[in-house]
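Descriptive analysis of the structure
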Amino acid sequence: EVQLVESGGGMVQPGGSLRVSCAASGFAFSAYGMIWVRQAPGKGLEWVSGIGAGGGTYYADSVKGRFTISRDNVKNTLYLQMSNLRLEDTAVYYCNAISDYDTFWGQGTQVTVSS
């Protein structure tokens, strides 16, 4: 059974840091591109960051310099280290696995930035 399970969300003050994780199982994690997308309250999905199977990383302009995506192909886990968080980073964060043939989604983890 394919599973993507996000964790690590929570509440943090502006300027704070948080790391969210996505544990993968049931498929060849290392062969998949992985992305993080988020959905703020009342808004659509927003692409945040991606990492290719080869390790290349990509960021939305809104998070560049503040967020770092990484993957551990031994632990089959995707990470998003978020620093200098802003109120507008408040959203449900989802991980997504992509190949030429299929795609899988996690259930999301809530990140709330509030003073």
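Let me sum up the structure you'll find in this document. (Residues numbered from 1 in each chain as written. Predicted model: local features only at pLDDT ≥ 70, side-chain atom pairs only at ≥ 80, totals over all residues. Heavy atoms only, no water.)

**Topic: the environment of valine 63**
You can see valine 63 is positioned in the loop between β6 (57-59) and β7 (67-72). Considering only alpha carbons, one finds valine 63 and glutamine 107, 44 residues apart in sequence, at a separation of 22 Å. When sequence neighbours within four positions are dropped, the list of residues in contact with valine 63 reads Arg38 and Val48. (Helix = DSSP H or I, 4+ residues; strand = E, 2+ residues; numbered from the N terminus. Contact = heavy atoms within 4.5 Å.)

**Things to note about the nonpolar core**
Formed by 29 residues in total, the largest nonpolar core has its most connected members in Leu4, Met34, Trp36, Leu78, Leu80, Met82 and Tyr93. Contributing elements (two or more residues each) for this core: β3 (18-25), β4 (33-39), β5 (45-51), β7, β8 (77-82), β9 (91-98) and β11 (109-113). Every residue in contact with leucine 4, bar those within four places of it in the chain, is listed here: Cys22, Ala23, Ala24, Phe27, Met34, Cys95, Asn96, Ala97, Phe104, Trp105, Gly106 and Gln107. (Core = buried A, V, L, I, M, F, W, Y, C linked by side-chain atoms within 4.5 Å. Buried < 20%, exposed > 50% of the residue type's maximum accessible area, 1.4 Å probe, protein only.)

**Thoughts on the side chain of glutamate 6**
For glutamate 6, the position within the fold is in strand β1 (residues 3-7). Here cysteine 95 takes part through its backbone nitrogen, which lies 2.8 Å from a polar atom of the side chain of glutamate 6. Reaching out from glutamate 6, the side chain makes a polar contact with the backbone nitrogen of glutamine 107 at a distance of 2.9 Å. Aside from chain neighbours lying at most four places away, what touches glutamate 6 is Ser21, Cys22, Trp36, Tyr93, Tyr94, Cys95, Gly106, Gln107, Gly108 and Thr109. (Polar contact = N/O pair within 3.5 Å; in protein donor to acceptor, adjacent residues only side chain to side chain.)

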